[in-house]
Amino acid sequence: MRRGIKRVTNGKKLKVKPSDRSQVLLDRIRHRREQIQDRVGVLEDSARLIRQERESRF
Amino acid sequence: MLDASVALKGFLPEPLSSSAERLLNGFLKSKLNLHAPDLLLLETGNALWKRSALGHGLSSADVQAIYRDLVTIPLNFYPSEQLAGAALDLAISQNHSVYDAVYCALAVNLDCELITADSALVSKLAGNLPFIRHLSTFNA
């Protein structure tokens, strides 16, 4: 499907609004995050991982 | 603007994920602007790789899917090469690494807040650089 085109209804192509695309993206991100949480629980803080990495370069 | 720690929290189940999601939501619904140096792309990619390599319960497919969505978000990115000089000046004046200073230099440049989830950064620099704000204080 071409980007920006939602579906064909009665021969008419309906454009996907940017707000729809954003909502789809947000829903996908939330869904994946919840799936990961169900599988492995709450993860260690990313801030700590990134801090360790920044300091290890020192 | 945001740093890599905040960006990742929107995608992963961890402390303050809901705050990061609100920030992302506000941006994608055009309620606020988000800026970042391109360094964010490397730091988030590296942290995701590390999580999969260290066996934190995330597969390589998980982290690749997360990264694909992360780079889809139309953040306003700025090239580090344009920030490096100012970042070095800040690093020297604050006695702090250039990596953090790149984010700070961009915040100075844009005259905006830097939202981070890095408590160590806030503790060390927010006194002198009051535009640095912890994600926990963000309520959109």
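Now for a quick tour of the structure. All of these numbers come straight from a predicted model, not from anything done at the bench.

Of regular secondary structure, chain B possesses seven helices and four strands. Taken from the N to the C terminus, the helices and strands of chain B come in the order α-α-β-α-α-β-α-α-β-α-β. Its C-alpha radius of gyration of 15 Å places chain B within 12% of the 14 Å reference for a compact globule of 140 residues. Here the C-alpha coordinates of chain B stretch approximately 40 × 30 × 25 Å along the principal axes. Burial status across chain B gives 43% buried among its 140 residues. Excluding contacts between residues fewer than 6 apart, the proportion of contacts in chain B whose partners are at least 24 apart in sequence is 56%.

On to the interface of chain A and chain B, then. Accessible area lost upon the coming together of the parts serves often as the stated size of an interface. Of the residues lining the interface, 26 residues belong to chain A; the matching set on chain B comes to 34 residues. Elements represented by at least two residues in the side of chain A that touches chain B include exactly helix H1 (18-40) and helix H2 (46-56) of chain A. Of the residues forming the side of chain A that touches chain B, the biggest block, 13 residues, is contributed by H1 of chain A. Grouping the amino acids of the side of chain A that touches chain B by side-chain chemistry returns eleven nonpolar, four polar and eleven charged.

On to the nonpolar core. Residue and element names in this part refer to chain B. Core analysis: the biggest nonpolar cluster contains 51 residues, and Leu-2, Val-6, Val-102, Cys-104, Ala-105 and Leu-106 have the highest contact counts within it. It is helix H6 (residues 98-110) that provides the largest number of residues to this core, a total of nine residues. For Leu-2, the residues in contact, after removing those within four places along its chain, are Ala-7, Leu-23, Leu-34, Ala-36 and Ile-115.

This next bit is on the packing of helix H3 (residues 39-53) of chain B against helix H4 (residues 60-72) of chain B. All names here are of chain B. One can describe the packing of H3 onto H4 by two numbers: an axis separation of 9 Å at closest approach and a directional angle of 165°. As summarised for this structure, H3 and H4 are arranged roughly antiparallel, according to the angle between their axes. At the point where H3 passes H4, the crossing takes the right-handed sense. Contact residues: Leu-41, Thr-44, Gly-45, Leu-48, Trp-49, Arg-51 and Ser-52 in H3; Ser-60, Val-63, Ile-66, Tyr-67, Leu-70 and Val-71 in H4. Here the residues of the contact of H3 with H4 sort into eight nonpolar, four polar and one charged.

What follows covers H3 of chain B. Over its 15 residues, H3 of chain B runs 21 Å from end to end, which matches the ideal 21 Å to within 8%, given 1.5 Å per residue. Taken together, the buried positions of H3 of chain B are occupied by Leu-39, Leu-40, Glu-43, Thr-44, Ala-47, Leu-48 and Arg-51 of chain B. Buried residues of H3 of chain B, viewed axially, fall in a sector of 160°; they line one side. Each element contacted by the buried residues of H3 of chain B is listed here: H2 of chain A together with helix H1 (4-9), strand S1 (35-37), H4 and H6 of chain B. Within two residues after H3 of chain B, Gly-55 of chain B carries a phi angle of roughly 70°, on the positive side.

As a further point, take H6 of chain B. Residues and elements named next belong to chain B. The terminal C-alpha atoms of H6, which comprises 13 residues, lie 18 Å apart, in line with the 18 Å expected from a rise of 1.5 Å per residue. Of all 13 residues in H6, ten are buried; the element is thus mostly enclosed. Positioned one or two residues after H6, Asp-111 has a phi angle of 55°, which is positive.

Rules behind the numbers
Residues numbered from 1 in each chain as written. Chains lettered and ligands numbered in written order. Predicted model: local features only at pLDDT ≥ 70, side-chain atom pairs only at ≥ 80, totals over all residues. Helix = DSSP H or I, 4+ residues; strand = E, 2+ residues; numbered from the N terminus. Rg over C-alpha atoms; globule rule 2.2 N^0.38 Å. Buried ≥ 20, exposed ≤ 12 C-beta atoms within 10 Å, placed from the backbone. Contact = placed C-beta atoms within 7 Å. Nonpolar A, V, L, I, M, F, W, Y, C, P; charged D, E, K, R; others polar. Core = buried A, V, L, I, M, F, W, Y, C linked by C-beta atoms within 7 Å. Axes fitted to C-alpha atoms, helices over the stretch in contact; angles between N-to-C directions. Parallel < 35°, antiparallel > 145°, perpendicular 65-115°, else oblique. Left-handed = near helix turned anticlockwise from the far one by under 90°. Expected span 1.5 Å × (residues − 1). Arc of directions from axis to C-beta.

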